[in-house]
Amino acid sequence: MVIEPSWSLRRRLLVAIVAASTVLWLASLGIVTYIAWHETNDVFDDALEESGYMLLAATTDWNERGLLPRAQAGRTSERKVDMQYQIVVDGRVLQRTSGAPATPFVAGFDDDHGFADPRQGQQRWRVFVVRDDARRFEVQVGQLHKKRLDILEELAEHLWLPIAGFLALLALVCWLLIHRVLKPLRQTASAIAAKTPHDLALVAVDGQPRELLPIVQALNGVLGRLDAALQAERRFTADAAHELRTPLAGLHMHVQLLQRQHPDAALAAPFKKLRDDIARVTALVDSLLALARLDPVTREQLATEPVPLAPLCEQLRATLADNVTRRGITLVLRCTGAVAQANPAMLQIAVRNLLDNAVRYCPDGARIELDAVRAAGRIVITVRDNGPGVDAASRQRLSERFFRVLGHEAGQGGSGLGLSIVRRIVELHGGALVFGAGLEGQGLGVTMDLPAH
């Protein structure tokens, strides 16, 4: 048997997220670079255009001092790079663009060239100053800080949508990757959640992530100890029940022998009470033995076959005939044509327990009906009577082991295990046991469904 090695959930998750983030980051970087290149190209083209106009203005005759022609100056509002310049001689502006102030951007600049950030009124400028070698004049080129912010805002306006889209895509990809990487964790959780008192098999450790192995191994330890305890309990119950059957049978024979040897009428009632108690203990032992055999069985292990209900019901009618006739009970069995896919022995036990409970707890002269019908691919078996019934609160506990309704203990010898056995048999067949009202709103009705053939 090849054992699948364990793997690291942390490492797999880290690799998946880092790989996805790297791929999406490179893709987003490419798109951002493309958009930034397109926008900066516009800015550089605009700067070239501005430089051309400034050179054109700089080559005019100094005798034609003043502003650039308005046709050129009027285009500055359309350009992304709006640069203004001044030609300054001895602190006086001889020539400037229309957007430049009439006074120098920077007065008293000491270096031959450099940058400055002066203010002109409420406006802040970024200015570059350069002087000729003879220091006869200086050129001051300025740009409003707001124009630079406008360029950044326009660039951000083009970039925010792609970046937001890639962030959303990254979140979706990470979610999908995490969902996929954590799938073994969910599978293990589902396997643990599916455990029942009848399924205590160990959780598979092959292929489990290393981070989960200590938990699975600890849980398997608990399941192993619990299974061992349950098996010991079942073995004790089965062994005790089996060992008690022989002495109980012998005790019953001794009581019958003593009754024959002492036919005194005064002893008849005590002997009958003793026989009834022995019969009750024997029935309890048989029920415990039946439960001990049913508990370890799983649905997958259950052997089923087509079981016609009509012969089974007639056999049970014959078994109950003496008691029913003696007490004047009317027993009606309607199950013609119904065929269940079930285990024959278990089905017989379940139906017999339902009828036996009804006969035991109904008064003399009562009516009991059994109906078996096919509905929606299932065989629905209902046993109803018009006896004293059971209140709604107690109905929910009828299938609990050793539970008996108050007021019924004194006159009847039930063990409180009959309906527990029925419920276990129905569960093994994938059905449900439901309690309701009996005939004409009186008594008790018990319904169980089984697979149909």
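Residues numbered from 1 in each chain as written. Predicted model: local features only at pLDDT ≥ 70, side-chain atom pairs only at ≥ 80, totals over all residues. Heavy atoms only, no water.

1. What about the sheet that holds strand S14 (residues 444-451)?
- Across the sheet, five strands lie side by side as S9-S11-S12-S14-S13; this open sheet has mixed pairing. The two strands at the open ends of the sheet, each matched to only one other strand, are strand S9 (330-334) and strand S13 (433-437). The average angle at which neighbouring strand axes cross in this sheet is 15°, direction not considered.
- Two strands pair when backbone bridges link them, and S13 and S14 are joined in this way by five bridges, in the antiparallel orientation. Among the inter-strand pairings, valine 434 is bridged to a residue of S14, identified as threonine 447. (Pairing = 2+ DSSP bridges. Helix = DSSP H or I, 4+ residues; strand = E, 2+ residues; numbered from the N terminus. Axes fitted to C-alpha atoms, helices over the stretch in contact; angles between N-to-C directions.)

2. A short note on unusual backbone geometry
- In the Ramachandran plot, alanine 376 falls in the positive-phi region, its phi being about 55° despite a non-glycine side chain.
- Within the secondary structure, alanine 376 sits in the loop between strand S11 (367-375) and strand S12 (378-385).
- The exposure class of alanine 376 is exposed, given its relative accessible area of 83%.
- The phi torsion at glutamate 440 lies on the positive side, around 55°, for a residue other than glycine. (Buried < 20%, exposed > 50% of the residue type's maximum accessible area, 1.4 Å probe, protein only.)

3. Observations concerning the UniProt feature "transmembrane region" (unreviewed entry) in the chain
- In the numbering adopted here, UniProt assigns the feature "transmembrane region" (unreviewed entry) to residues 12-37 and 159-178.
- Span residues 12-37 is 100% helix and 0% strand, its end C-alpha atoms 37 Å apart.
- Span residues 159-178 is 100% helix and 0% strand, its end C-alpha atoms 28 Å apart. (UniProt positions renumbered as here; feature names shortened; annotations may be inferred.)

4. Some points on the nonpolar core
- Counting 50 residues, the largest nonpolar core has Leu347, Val351, Leu355, Ile368, Leu370, Ile381 and Met448 as its most contacted members.
- In terms of residues, this core owes the most to one element, helix H8 (residues 344-361), which gives eight residues.
- Ranked by size, the runner-up nonpolar core spans nine residues in total, among them Ala100, Trp125, Val129 and Leu144. (Core = buried A, V, L, I, M, F, W, Y, C linked by side-chain atoms within 4.5 Å.)

5. Details of the packing of helix H7 (residues 309-327) against H8
- Relative to each other, H7 and H8 sit at 25°, their axes nearing to 11 Å. With respect to their mutual orientation, H7 and H8 come out roughly parallel. Judged by the twist between their axes, the crossing of H7 over H8 is right-handed. Between H7 and H8, the contacting residues are Leu309, Leu312, Gln315, Leu316, Leu320, Asn323, Val324 and Arg327 on the first element and Leu347, Gln348, Val351, Arg352, Leu355, Asp356, Val359 and Arg360 on the second.
- Residue classes in the contact of H7 with H8 are distributed as nine nonpolar, three polar and four charged. (Parallel < 35°, antiparallel > 145°, perpendicular 65-115°, else oblique. Left-handed = near helix turned anticlockwise from the far one by under 90°. Contact = heavy atoms within 4.5 Å. Nonpolar A, V, L, I, M, F, W, Y, C, P; charged D, E, K, R; others polar.)

6. Thoughts on the pattern of salt bridges
- For the structure on display, the rule yields 14 salt bridges.
- Between arginine 334 and aspartate 371 there is a salt bridge, with the nearest N and O atoms lying 2.6 Å from each other. In this pair, arginine 334 is assigned in strand S9 and aspartate 371 in strand S11, connecting sequence segments 37 residues apart.
- Given the relative accessible area of 38%, arginine 334 is considered partly exposed.
- Taking the shortest distance from any N to any O, the salt bridge between glutamate 369 and arginine 384 comes out at 3.9 Å. Of the two residues, glutamate 369 sits in strand S11 while arginine 384 sits in strand S12, which places them 15 residues apart along the sequence.
- On the basis of relative accessible area, glutamate 369 is assigned to the buried category, the value being 9%.
- Of the residues examined, arginine 384 reaches a relative accessible area of 28% and is grouped as partly exposed. (Salt bridge = Lys/Arg side-chain N within 4 Å of Asp/Glu carboxyl O.)

7. Considering the pairing of S11
- Sheet analysis places S9 next to S11, joined by five bridges and oriented parallel. Residue pairing in the sheet places leucine 331 in a bridge with isoleucine 368 of S11.
- As judged from the eight bridges shared by S11 and S12, these two strands associate in the antiparallel manner. By the bridge assignment, aspartate 371 is partnered in S12 with threonine 382.

8. Structural notes on the packing of helix H3 (residues 145-181) against helix H4 (residues 183-193)
- Where H3 meets H4, the closest approach of the two axes is 4 Å, and the angle between their N-to-C directions is 45°. Between H3 and H4, the crossing angle belongs to the class labelled oblique. On the side of H3, the interface is formed by His179, Arg180 and Val181, while H4 contributes Lys183, Pro184 and Arg186.
- Looking at the contact of H3 with H4 residue by residue, the class counts come to two nonpolar, one polar and three charged.

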